[in-house]
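Below, each chain spelled out in residue letters.
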Amino acid sequence: MKDVPDNISVVISALQKAARPVVAAHVTPDADALGSMLALGLGLQAAGTPVRIALPAESVSQKLQFMVALAELPVATVEQCQTAERLVVCDTAKVKRINLPDHLQRLIPQEFSPAIINIDHHASNEQFGVVNWVDAHASSSSELICRIYQAAGWPLTPVAATLLYAGILGDTVGFSLPNSTAATLSAAADLVAAGADIALVGLKLCRSQTRSEFDLRRIIYDNTRIIADGRIAYSTASYEEITRAGCRAADIDDQVEIPRSLAGVQLAMLLTEGEPGRIRFNLRSNNHLSILELAQQLGGGGHHAAAGAIIKCSLPDALARILPMAEQFLQNLHQVNDSL
């Protein structure tokens, strides 16, 4: 029977009982996935628990490599992932999204031995752990790890604080989204007081694009289109375009903010082919519009204002399917709102 904790003490107790745990996050990890996973690993390590992280090769973007380098945590081998007594999963809504080697991923949950501790803030979380702590009101999973540090009495080092600050900054888009609550800003202030290197985070997340990342953003700008009387903006990048820019699937991160930045846009979409025939569909909304249901219609999930899915087809076929769905979805929402 799954144990869904009403308070943080259940989570901390489960973490304290974990011997040699492996800590993981979601595939194509963003700043919050890495920040929460790495900082949790450092906290467990400081508390005397030998810990390793699950991080398959080439799964981290160029932009976020600095976070892995800061943490200096040992990476688990395939055997260590499979034989770990506990797998602690951060910032991951679905079992199939856990960032493990492919052949291990296929074993979950029927044949995968470690018991899972699930810590997340996605509204669509599947509650797949033996212990689940899911708070959809939190700005980020990094904010949840901040609470664990405080409740567990773990020492908050400047490195851990920097990682958590990067996670919160990333998921709030620089504290510019409605998920930046008073609690979020208070947590960020505590991290700065603990020595978070905000200059480093700002430099790495905002002002350190490689030429290949810059070229990829140029493609996203060039491919941006507007439909539905300016209410929907979308862009695309094919496998050929991504590789020609010198990038790979892991480098697809926040580029959806490009179509989202246009005035009047309520729904922004980015369709990218990081691998041939595999389309990643990123959704963002403005004006408190919930787009989670649209992502779920495509087998995905996420948050009310930020969601996504993976579709196995060609990029033209994905566009032919998704664009009419998005227009109809937006029209239905407006009809419901007009009737209220």
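Above: the structure in question.
Since the model is a prediction, treat every value here as computed from it, not as a measurement.

Caption draft 1: Summary view of the pairing of strand β9 (residues 278–285). Of all eight residues making up β9, seven are buried, and the element is well covered by its neighbours. Relative to β9, strand β8 (residues 267–275) runs antiparallel, the two being bridged by seven bridges. The partner of A268 across the bridge, within β9, is R284. Two strands pair when backbone bridges link them, and β9 and strand β11 (residues 306–311) are joined in this way by six bridges, in the antiparallel orientation. For L283, the partnering residue across the bridge sits in β11 and is A307.

Caption draft 2: The arrangement of the side chain of T92 in detail. Locating T92 in the fold gives a position in the loop between β3 (86–90) and α5 (102–105). Polar side-chain contacts of T92 include one of 3.0 Å to the backbone nitrogen of H26. A distance of 2.8 Å separates a polar side-chain atom of T92 from the backbone oxygen of C90. With near-sequence residues (within four places) excluded, T92 lies in contact with A25, H26, R97, I98, N118, D120, H122, N125 and F128.

Caption draft 3: Seen up close, the environment of P276. On the secondary structure map, P276 appears in the loop between β8 and β9. Expressed as a C-alpha distance, the spacing of P276 and D32, which sit 244 residues apart in the sequence, is 27 Å.

Caption draft 4: Examining the sheet that holds strand β1 (residues 22–24) more closely. Pairing within the open sheet is parallel, and its five strands lie in the order β2-β1-β3-β4-β5. Unpaired on one side and paired on the other, β2 (52–53) and β5 (131–134) mark the two borders of the sheet. Relative to β5, strand β4 (residues 115–120) runs parallel, the two being bridged by four bridges. Within the sheet, the bridge partner assigned to I119 lies in β5 and is W133. Against the sheet, helix α1 (residues 8–16) contacts β3, β4 and β5, and its axis sits at roughly 135° relative to β5.

Caption draft 5: Seen up close, the nonpolar core. Counting 53 residues, the largest nonpolar core has L38, L40, I119 and I148 as its most contacted members. With nine residues, the single largest contributor to this core is helix α2 (residues 31–46). Apart from the residues within four sequence positions on either side, L38 is in contact with I53, M67, V68, A71, L73 and L163. One finds A228, Y234, I279 and L294 within the second-largest nonpolar core, a separate group that totals 28 residues.

Caption draft 6: Structural detail: the pairing of β8. With eight of nine residues buried, β8 is to be regarded as a mostly interior element. Of the strand pairs in this sheet, strand β7 (residues 232–237) and β8 are connected by six bridges, and their pairing is parallel. Across the sheet, the residue bridging to Y234 is M269, located in β8. Hairpin geometry of β8 and β9 is characterised by an intervening segment of two residues between the two adjacent antiparallel strands and by a positive phi of about 75° at G277.

Caption draft 7: Spotlight on the sheet that holds β7. Read from one edge to the other, the open sheet built from six strands follows the order β6-β7-β8-β9-β11-β10, with strand pairing classed as mixed. Single-partner strands in this sheet number two, and they are β6 (225–227) and β10 (301–302). Relative to the sheet, helix α10 (residues 211–222) contacts β6, β7 and β8, its axis offset from that of β7 by approximately 135°.

Caption draft 8: Highlighting the packing of aromatic side chains. Per the counting criterion, the structure on display carries two aromatic pairs. Residues Y149 and W154 carry aromatic rings whose centres are separated by 5.2 Å and whose planes lie at 85° to one another, so their mutual orientation is edge-to-face. In this structure, Y149 and W154 share a single accessibility class: buried. Plain terms: the ring middles of Y165 and F175 are 6.0 Å apart, the flat faces sit at 55° to each other, and that makes the pair tilted. Residue Y165 is located in helix α7 (residues 158–171), and its partner F175 is located in the loop between α7 and α8 (182–193); the two are separated by ten residues in the primary sequence. Take F175: its relative accessible area is 24%, and that puts it in the partly exposed class.

Caption draft 9: How the structure looks around the pattern of salt bridges. A complete count under the given rule lists eleven salt bridges for this structure. Among the salt bridges present, the one from R86 reaches E85, with a minimum N-O distance of 3.9 Å. Taking the shortest distance from any N to any O, the salt bridge between E257 and R260 comes out at 2.9 Å. Placement of both E257 and R260 in helix α12 (residues 257–260) is noted, with a separation of three residues, approximately one turn of the helix. Through salt bridges with shared partners, one network takes in K63, R217, D253 and D254.

Caption draft 10: A look at unusual backbone geometry. Of note in this structure, Q127 is not a glycine but carries a positive phi near 55°. On the secondary structure map, Q127 appears in the loop between β4 and β5. For V173, which is not glycine, the phi torsion reads 50° and is therefore positive. In this structure, V173 sits in the loop between α7 and α8. Owing to a relative accessible area of 34%, V173 belongs among the partly exposed residues under this scheme.

Rules used in this analysis
- Residues numbered from 1 in each chain as written.
- Predicted model: local features only at pLDDT ≥ 70, side-chain atom pairs only at ≥ 80, totals over all residues.
- Heavy atoms only, no water.
- Buried < 20%, exposed > 50% of the residue type's maximum accessible area, 1.4 Å probe, protein only.
- Helix = DSSP H or I, 4+ residues; strand = E, 2+ residues; numbered from the N terminus.
- Pairing = 2+ DSSP bridges.
- Polar contact = N/O pair within 3.5 Å; in protein donor to acceptor, adjacent residues only side chain to side chain.
- Contact = heavy atoms within 4.5 Å.
- Axes fitted to C-alpha atoms, helices over the stretch in contact; angles between N-to-C directions.
- Core = buried A, V, L, I, M, F, W, Y, C linked by side-chain atoms within 4.5 Å.
- Phe/Tyr/Trp six-rings, centres within 6.5 Å; stacked < 30°, edge-to-face > 60°.
- Salt bridge = Lys/Arg side-chain N within 4 Å of Asp/Glu carboxyl O.

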